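Report on the structure
Here are the chains, one letter per residue:
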Amino acid sequence: MIRAIYPGSFDPVTYGHLDVIKRAAKMFDEITVCVLDNKAKTPLFSADERVKMLQDVTSDMPNVRVDSFSGLLIDYAARTGAHVSIRGLRAVTDFEYELQIAQTNKQLSHGSLDTVFLATSHEYSYLSSSAVKEIATFGGDISECVPDHIRKLVEEKYAYEHQ
Ligand code: ADP
């Protein structure tokens, strides 16, 4: 049984994240999407809200569960028996940062936690949670970026509804 974790902020979850989750769910026996609860940051959605949103959009995927964590990913992975961390790569700009995190996790976990990178599907390569928030700040249309249910929650946060 290969258990993988997919850590991230997911603030909010986008079609890009969902694509990674769907593809990873076909490769591994069990995926846990882990919402990073970073007390030093002020996210748009609380960790509980992000967990709930992810649970809603993955409810049709039987081998996907959602959890939140704070602290070191390697500690969370050791606690839950996961040996693979999944990360998505959109562009070269992601690569340097992601490589450093992957190597740090491998080193700190004494080789126990490895990282598997999934290249973005080209239709989502431009998508990030930050871009979604930036578009929403100006009342723009985010319907091509996030599922409809998530779009409504984002619009509520920014108190607008796209016509
Ligand atoms: P972001 O704010 O950039 O979406 P997250 O921390 O929520 O950041 O992302 C979690 C993981 O998902 C990261 O490995 C990130 O590279 C990956 N990811 C985010 N968006 C996409 C996308 N459109 N395609 C592929 N991977 C993605």
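Just above sits the structure.
Predicted model, so just to flag it, every value in this text is computed and none were measured. (Residues numbered from 1 in each chain as written. Predicted model: local features only at pLDDT ≥ 70, side-chain atom pairs only at ≥ 80, totals over all residues. Heavy atoms only, no water.)

**A word on the environment of alanine 131**
Looking at where alanine 131 falls in the secondary structure, it is placed in helix α5 (residues 129–137). Accessibility expressed as a relative area gives 26% for alanine 131, which makes it partly exposed. (Helix = DSSP H or I, 4+ residues; strand = E, 2+ residues; numbered from the N terminus. Buried < 20%, exposed > 50% of the residue type's maximum accessible area, 1.4 Å probe, protein only.)

**Some details on unusual backbone geometry**
For the peptide bond that leads from aspartate 11 to proline 12, omega is 5 degrees, which places it in the cis range. Residue position: proline 12 is located in the loop between β1 (3–8) and α1 (15–27). Notably, phenylalanine 10 is not glycine yet its phi reads approximately 50 degrees, a positive angle. Within the fold, phenylalanine 10 resides in the loop between β1 and α1. With a relative accessible area of 2%, phenylalanine 10 lands in the buried category. For histidine 110, which is not glycine, the phi dihedral falls at a positive 55 degrees. Structurally, histidine 110 can be placed in the loop between α4 (92–108) and β5 (114–119).

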